[in-house]
Amino acid sequence: MDRALIWLSLVGFFLASVTSEPKTKQQNVDIYSFHINSTVTSRYAITVITSRVANSLDESQEVHFQVKIPKNAFISKFRMTIEGKTYDGIVKQKEEAQQQYSQAVSRGQSAGLVSSVGRTLEEFKTSVTVAALSKVTFELTYEELLKRRLGKYELLINAQPTQPVADFKIDVHIHENRGISFLEVKGGLSTNELASAVTTTRSGPESWVKFYPTPEQQKKCEGCGENGLNGDLIIIYDVERSKSEGEVRTSQGYFVHYFAPTDVQRIPKNVVFVIDRSGSMHGRKIEQTRLAMLRILGDLSEDDYFGIITFDSKVDTWNRELLKATQSNVEDAKKFVREITDRGSTDINAAVLEGVEMINRHPREGSASILILLTDGDPTAGETNPTRIQNNIREAIGKKFPLYCLGFGFDVDFDFLEKMALENEGVARRIYEDSDADIQLQGFYEEVATPLLTNVQMKYTGAENVTQTDFSHYYNGSEIVVAGQLTDNNLETFSTEVIAISKKENVKYIDTIATQGRSTGVLSGFENFIERLWAYLTVKQLLGKEQLLKGEKKKAAKKEVLDLSLKYNFVTPLTSMVVTKPQGEETQVAHKPKERGTTQRRGHIQLAGTASISGGITARGGFPSRGRIVNTYQAAPPPPPPPPPPVGGADFAQGFPSRGRIVNTYQAAPDYDYHDYSVFSSSDHHVGQVNGPIFLPTFLPTHPPPTNTAPEASPVRFLIQAQDQSEPLCYDIPASQRLRLLQDPSSDFSMNGELIESGGTGFSQITIHYKTDHMTLSTSGIIFSDGQNAVKFLWNQEPTTHETDSVSLILRNKEMDVSMGNTRVVILLREQDGNSFLWPAVRQRPSTTTLPGLFGKPPVAYTAVTLSHPPKLKIQDQEVQVSKSTATDYSIHSAPRVGCWLVPFQVAMQGELSDFTVSNL
């Protein structure tokens, strides 16, 4: 073949989110036309993005196409036209494209990516080489079914062409047979001077929105600049609802039924909130949860009954029974909420089961029960096996009411929550760690705050291959959508029946429509939209259902998803789009991601990349199955040093024998020898539990302490927050330094660390001291000693908790959460370019303004010096020349790249580097 290939694939692993900052304008590339055309027919939106680009150089160059699309959409077409020749995409089974993918990776060729961007968008990008003074046209089509939330539909269109475009147009055409009850346009692209570029027209069942900004206007919206438009246009609307039976449309042998009655009394609800208060909820998360709960409690109706459960390793209730939402009860509950504080580990199983029992103890006719779980982490206490937790909760609920799972941030095992919610007729929703997290929590509650019907069953005569027809609840402001195939295209009528339970009685909605001529009013070119809508909805529902199935049923569901994806050209998790390109072009691989998050495999521990223990892990292999202490050691006077321990070879992987016996060995970290070493193995006791003395390694440096002279290795960049400023400061420290990170003389807490010798990343080792407690963390493992007993952890073991009177250790997702006295730090194991390193994050410290150490400084106050070139900041009454730069915030799980002002170390820390170095850790 004389053509190369792009492979566009949706796979189930997580990709890092890309920044939403404006993209850089390509030099000598003219985007002379950029059109977005979206047609919405009965809530089903088909959007086409067309970009026409000219290479204005007299030599060939690479031209990029980069756009953002809604996460809920399926790409259904991608096309490039170059010099009159069109290169179309073909959707294939993912395995069929594996060869091209593997060849591309093995050759080290670049990848076109579809990456997660924030909460609602994904970014698609690719490129092609365009000849001198030639043109290329890119065309991307995606499809989505708009979902009704809180009484409205939202069509989100993003535009970021990277430069002002002479011919820029967004055209939206909405056709709703019942008529449109209201329509408005929002988003950053409708602000400032761009507001005049938006026009709306309504005529009967149709509406048009046009957005035609001039090149000059494209520089003047919120977030816009010299690179042109950068923002969203959001079209919000709802439809007329004259019939309680809903709206039925048929076309070319398919039907769709929209059901959203409004003339129904609200049903009083029984709602229990199960709130995670574990240590990882510290800080803004718990504050925002309290704030959201206070608002939610204020929105309860007096005929509602409610309960509140908080949990860490223990489960507490505001009241053992559901109570009526009287004013006095609500005020009392608000006092309880204000006193929720973070602590301990996470016993999800016990907490949710307590919520189920609370609802079951309070049966109330004519009411609707709802259970809402909010958590930010994995189960680390009590029952920690996800499958057993899911089974326990499914059996306890018994399909009597829905469970809604809210996952706070990206440390949570969202797949676990999603499956648990789906098994119990609920949904899972991610709450993003941001300044509006409390609004997100409240917004979700508002969606389920007003149940109107329960036990909704949709029945159809003369239909087959129908999508989901049973729904536990119908909420005010939402909509139930069912689609299917007609069994006889010659049917003159089609009947629908909806049976449900309202506040006071069983209700029934019956409707019969004429099918002949029902395709009238369908937009030209979109006659098969109901068929495509049915396929889209079927695939979406099967992808969720497939998570709950096993064996042959699971295979059958996946086959049906694959068959539909191939037939309708949808790029889904089971398919790939192969696009031909001109001769000589390298292969590119594009992945449509799930949201980034934890990727730890439960029940599988990988040791040094050479051997693994998988399945049900118990103390026999040295790892407790429910997150207890891994190995316990009894300190004793050290014997003479033994020979170095065996590491590697046929029977060992990182010091662990392949036949399942744990031998307490340690692999020396770079630049250190291990002394005071003993190895034990006993057939009379559980492996890993040692009776008799064992001696911990003593870290003895084999080189003198590093000097303060910067080595040739790359420095390590640190961030320091700014007071009342959005842009933080950043500064560099030479590699291989031993540093005082944080010290609290009043409590005998101290934390020191040594930067990696090669530089550029983070720490090779961190030590923490607290009274008689000592903790050493390296990239290969963790050892904690209380002066008498010691505990060893591996970074990739199952979630584990260890607690004493004044110390709490929680290990999960390659993060060690350490609480000692009134100080809490999290040590994160990071990886970059194949090299591992540690990074500390201080989550809580004494209220003292300043403490010794790099992380003991409060936010720095600065002001920008106006009209200064190069830029200057005024810090501590001193004007300092600075430069705009970026740094990776390793203290956050997602490790975002952030903008910062780069300043000298002495300015940022108000001291010399020697003030922050230590001779020994």
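Residues numbered from 1 in each chain as written. Predicted model: local features only at pLDDT ≥ 70, side-chain atom pairs only at ≥ 80, totals over all residues. Heavy atoms only, no water.

The protein chain carries the name Inter-alpha-trypsin inhibitor heavy chain H3 isoform X2 in an unreviewed UniProt entry, which gives Chanos chanos as its organism. Turning to the protein chain, the UniProt record has this under Subcellular location (unreviewed entry): "Secreted". The protein chain has a UniProt comment under Sequence similarities (unreviewed entry) that states "Belongs to the ITIH family." (UniProt positions renumbered as here; feature names shortened; annotations may be inferred.)

## What to know about the overall build of the protein chain
The number of helices and strands found in the protein chain is 10 helices and 58 strands. Among the 921 residues that make up the protein chain, the fraction classed as buried is 53%. Entry remark: accessible area of the protein chain is about 39100 Å², with carbon and sulfur atoms responsible for 46%. (Helix = DSSP H or I, 4+ residues; strand = E, 2+ residues; numbered from the N terminus. Buried < 20%, exposed > 50% of the residue type's maximum accessible area, 1.4 Å probe, protein only. Areas by Shrake-Rupley, 256 points an atom, 1.4 Å probe, with all protein chains shown as cover.)

## Some details on the sheet that holds strand β28 (residues 480-486)
Pairing between the strands of a sheet is mediated by backbone hydrogen bonds and can be parallel or antiparallel. The strand order β16-β17-β28-β26 describes an open sheet built from 4 strands, whose pairing is antiparallel. Edge positions in the sheet fall to β16 (247-251) and β26 (463-464), since each has one partner strand and no second. Where β16 meets strand β17 (residues 254-259), 5 bridges bridge the pair, whose relative direction is antiparallel. Following the sheet pairing, Val 248 is matched in β17 by His 257. Running over the sheet, helix α8 (residues 529-545) touches β16, β17 and β28 and is turned about 70° from β17. (Pairing = 2+ DSSP bridges. Contact = heavy atoms within 4.5 Å. Axes fitted to C-alpha atoms, helices over the stretch in contact; angles between N-to-C directions.)

## Here's the deal with the nonpolar core
Membership of the largest hydrophobic core comes to 55 residues, with the highest contact counts inside it found for Phe 718, Ile 768, Met 775, Leu 777, Met 816 and Leu 854. Apart from the residues lying within four places of it in its own chain, the contact partners of Leu 777 are Ser 764, Gln 765, Ile 766, Ile 768, Ile 782, Trp 795, Met 816, Ile 827 and Leu 838. In terms of nonpolar packing, the next biggest core, distinct from the first, is built from 54 residues, Ala 45, Val 172, Tyr 237 and Val 579 among them. (Core = buried A, V, L, I, M, F, W, Y, C linked by side-chain atoms within 4.5 Å.)

## What to know about the environment of Thr 162
Turning to its location among the elements, Thr 162 is positioned in the loop between β10 (153-159) and β11 (167-175). Linking Thr 162 and Ile 31, residues 131 residues apart in sequence, is a C-alpha distance of 8.7 Å.

## A closer look at the packing of helix α2 (residues 284-299) against helix α7 (residues 437-448)
One way to put it is that α2 packs onto α7 with a least axis distance of 8 Å and a crossing angle of 35°. Once α2 is placed against α7, the crossing between them reads as right-handed. Within the contact between the two elements, α2 uses Gln 288, Thr 289, Leu 291, Ala 292, Arg 295, Ile 296 and Asp 299 and α7 uses Ala 437, Asp 438, Ile 439, Leu 441, Gln 442 and Tyr 445. Of the residues assigned to the contact of α2 with α7, the class counts are 7 nonpolar, 3 polar and 3 charged. (Left-handed = near helix turned anticlockwise from the far one by under 90°. Nonpolar A, V, L, I, M, F, W, Y, C, P; charged D, E, K, R; others polar.)

## As for the state of the cysteines
Taken as a whole, this structure holds 1 disulfide when the rule is applied. Disulfide pairing is shown between Cys 730 and Cys 900; the S-S distance is 2.2 Å. On the sign convention where negative is left-handed, the bridge of Cys 730 and Cys 900, at about 75° about the S-S bond, is right-handed. You can see Cys 730 sitting in strand β42 (residues 729-733) and its partner Cys 900 sitting in strand β58 (residues 897-902), a full 170 residues away along the chain. Here the two residues Cys 730 and Cys 900 agree in accessibility, since each one is buried. (Disulfide = S-S within 2.5 Å.)

## Focus: the environment of Asp 376
Relative to the helices and strands, Asp 376 resides in the loop between β22 (368-375) and α5 (386-397). Linking Asp 376 and Gly 409, residues 33 residues apart in sequence, is a C-alpha distance of 6.2 Å. Leave out the neighbours within four places in its chain, and Asp 376 touches Asp 276, Ser 278, Ser 280, Met 281, Lys 285, Phe 408, Asp 411 and Val 412. Within polar-contact distance, the side chain of Asp 376 engages the side chain of Lys 285 at 2.8 Å. (Polar contact = N/O pair within 3.5 Å; in protein donor to acceptor, adjacent residues only side chain to side chain.)

## Considerations on unusual backbone geometry
In this structure, Leu 150 takes a positive phi of about 50° despite not being glycine. Tracing the chain through its elements places Leu 150 in the loop between β9 (135-145) and β10. The backbone of Gln 876 sits at a positive phi, close to 50°, despite the residue not being glycine.

## Details of the packing of α8 against helix α9 (residues 551-568)
At a minimum axis separation of 10 Å, α8 and α9 run at an interaxial angle of 150°. Classified by the angle between their axes, α8 and α9 sit roughly antiparallel to one another. Two packed elements cross with a definite hand, and for α8 against α9 that hand is left-handed. Of the residues in α9, those touching α8 at Glu 531, Arg 532, Trp 534, Ala 535, Thr 538, Val 539, Leu 542 and Leu 543 are Ala 557, Glu 560, Val 561, Leu 564, Ser 565, Lys 567 and Tyr 568. Taken together, the residues of the contact of α8 with α9 sort by class into 9 nonpolar, 2 polar and 4 charged. (Parallel < 35°, antiparallel > 145°, perpendicular 65-115°, else oblique.)

## Notes on the sheet that holds β58
Pairing is mixed in the open sheet, where 4 strands are placed in the order β41-β42-β58-β57. Of all the strands in the sheet, the pair left with one neighbour each is β41 (716-720) and β57 (883-888). Strand-to-strand twist across the sheet, computed as the mean angle between neighbouring axes with direction ignored, equals 50°. The sheet contact formed by β57 and β58 spans 6 bridges and is antiparallel. Looking across to β58, one finds that Ser 883 is bridged to Leu 902.

## Some remarks on the packing of aromatic side chains
To describe a pair of aromatic rings, one takes the distance between the centres and the angle between the planes. Considering all chains together, one arrives at 31 aromatic pairs under this definition. Centroid distance Phe 255 to Tyr 460: 4.9 Å. Interplanar angle 40°. Geometry classified as tilted. Highlighted residues: Phe 255 in strand β17 and Tyr 460 in strand β25 (residues 451-461), separated in sequence by 205 residues. When its relative accessible area of 0% is taken as the criterion, Phe 255 is described as buried. You can call Tyr 460 buried: its relative accessible area is 14%. Members of the aromatic cluster, connected to one another through ring pairs, are Phe 718, Tyr 731, Phe 763, Phe 837, Trp 839, Phe 855, Tyr 890, Phe 905 and Phe 916. The aromatic ring of Tyr 32 is capped on one face by Lys 135, whose charged end is 4.8 Å from the ring centroid. Lying over the aromatic face of Tyr 212, Lys 169 brings its terminal NZ or CZ to 5.2 Å of the ring centre. (Phe/Tyr/Trp six-rings, centres within 6.5 Å; stacked < 30°, edge-to-face > 60°. Lys NZ or Arg CZ within 6 Å of the ring centre and 35° of its normal.)

## A few points about the side chain of Asp 744
Structurally, the position occupied by Asp 744 is in strand β43 (residues 738-744). If we ignore the near neighbours within four places in the chain, the residues touching Asp 744 are Phe 749, Asn 822, Pro 846 and Leu 851.

## What about the pairing of β22?
Along β22, 8 of the 8 residues are buried, which leaves the element largely enclosed by surrounding structure. Of the two faces of β22, the one lined by Ala 368, Ile 370, Ile 372 and Leu 374 and the one lined by Ser 369, Leu 371, Leu 373 and Thr 375 are each fully buried. Note: strand β18 (residues 269-276) against β22, 7 bridges, orientation parallel. Within β22, the residue paired with Val 272 across the bridge is Leu 371.

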